[in-house]
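Breakdown of the fold
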Protein chains: 2
Amino acid sequence: MFSKACEYGIRAAVYVALQSLEGRRVSVIEIAEEIDSPIAFTAKILQQLSKNDIINSVKGPTGGFEIEREDMDAVKLSKIVKAIDGDNIYVGCGLGLRECNADKPCPLHDKFVDIRTDLRTMLQNTSLFELATGLEVGLTYLKR
Amino acid sequence: MFSKACEYGIRAAVYVALQSLEGRRVSVIEIAEEIDSPIAFTAKILQQLSKNDIINSVKGPTGGFEIEREDMDAVKLSKIVKAIDGDNIYVGCGLGLRECNADKPCPLHDKFVDIRTDLRTMLQNTSLFELATGLEVGLTYLKR
DNA sequence: TCAATAAAGGACATTTTTGTCCGAATTATA
DNA sequence: TATAATTCGGACAAAAATGTCCTTTATTGA
């Protein structure tokens, strides 16, 4: 569904949000540890998130990654997915046709439209804050 | 969503079904031409489909691929997807966690369950026959 | 100012996916 | 029986995704 990079990216962003709620800025090493991901690869992904204004990065001692409380509401999953995987998941054709649409549909088009729309809606409506609070309360997990 | 191999596999299977409805057995070359896919790669995928009893293959002159009318009903998309991509798409965790379930859910678990279930249901309920007939009537397309 | 800390960035390595090539096996038909 | 058409199977090639390493840059605080 999502690429590995995107999975790590979402998990990392949620962890950063959770810690920012506690007022803590976190390092790549801590993030990778807490979401169980390869450190250097995670660092690359965090750079992408930072460049796409999804999280903030601060260099130097006491540096790390963080996200403002208001951005947690503004940043929806769709923004993260688009930044890392592009939007082909919920825009492209299920069978890989370039020009698949209601006028010239692939055999799966109609059946796919609903699922794709549900997925898009879910990603566009789910904020980082929402996901972070579930974690905060101990209802959800980011590892294993 | 699906791998390229799986996209080609579904398109190939639908084309074989369509031609079998007309009583024609088709070659790899014709299939690749009609679904706009790389020939040799498509040949490998057809082998997989054949080994998984999704389509039949016949060697030698006048040989090619075909599928029985009754198998078109029995073969659902889920069988093709499982044969090529495995069932991780609609079974695995959206964020890549190995042990994600209702007891120990990832932050996206609840929101993903519905979409994943819809996808699984759709794949399990859609037969090759159904897809082939849409093509036959000229309502859908396999190229571009 | 200097040392230590942390992200940024580039080069490289590994693995997986996608794709190609070619000879072997099978079989219809002349 | 010989030939040609076709799939099968293995080895190889290329591209993309995943992952690592090391140097540079920025910044803090002693």
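Below or above, wherever it landed, is the structure these notes cover. Note that this is a predicted model, so its numbers are computed, not measured.

Considerations on the interface of chain A and chain B
- Taken together, the 37 residues of chain A in the interface contact 37 residues of chain B.
- Between chain A and chain B, a total of about 3,500 Å² is buried, with carbon and sulfur atoms accounting for 69% of that surface.
- For the chain A face of the interface with chain B, the top three residues by lost area are A:Met1, A:Pro107 and A:Arg144, together amounting to 20%.
- Counting the contacts that link chain A with chain B gives four salt bridges.
- Note that B:Asp36 is salt-bridged to A:Arg98, the shortest N-O span being 3.4 Å.
- At the surface where chain A touches chain B, the tally comes to 12 residue pairs in polar contact (both at pLDDT 80 or more).
- Those elements giving two or more residues to the side of chain A that touches chain B turn out to be helix H1 (4-21), helix H7 (109-125) and helix H8 (128-136) of chain A.
- With six residues, the top contributor of residues to the side of chain A that touches chain B is H7(A).
- Taken together, the residues of the side of chain A that touches chain B break down into 21 nonpolar, four polar and 12 charged.

Some remarks on the packing of H1(A) against helix H5 (residues 77-85) of chain A
Residues and elements named next belong to chain A.
- Where H1 meets H5, the axes come as close as 9 Å, and the angle between the chain directions of the two elements is 140 degrees. Taken together, the axes of H1 and H5 are oblique relative to one another. Seen from above, H1 lies across H5 with right-handed handedness. Of H5, the residues touching H1 (which contributes Ala5, Cys6, Gly9, Ile10 and Ala13) are Leu77, Ile80, Val81, Ile84 and Asp85.
- Tallied by class, the residues present in the contact of H1 with H5 amount to eight nonpolar, one polar and one charged.

The rules we used
Residues numbered from 1 in each chain as written. Chains lettered and ligands numbered in written order. Predicted model: local features only at pLDDT ≥ 70, side-chain atom pairs only at ≥ 80, totals over all residues. Heavy atoms only, no water. Contact = heavy atoms within 4.5 Å. Buried area = accessible area lost by both parts, 1.4 Å probe. Salt bridge = Lys/Arg side-chain N within 4 Å of Asp/Glu carboxyl O. Polar contact = N/O pair within 3.5 Å; in protein donor to acceptor, adjacent residues only side chain to side chain. Helix = DSSP H or I, 4+ residues; strand = E, 2+ residues; numbered from the N terminus. Nonpolar A, V, L, I, M, F, W, Y, C, P; charged D, E, K, R; others polar. Axes fitted to C-alpha atoms, helices over the stretch in contact; angles between N-to-C directions. Parallel < 35°, antiparallel > 145°, perpendicular 65-115°, else oblique. Left-handed = near helix turned anticlockwise from the far one by under 90°.

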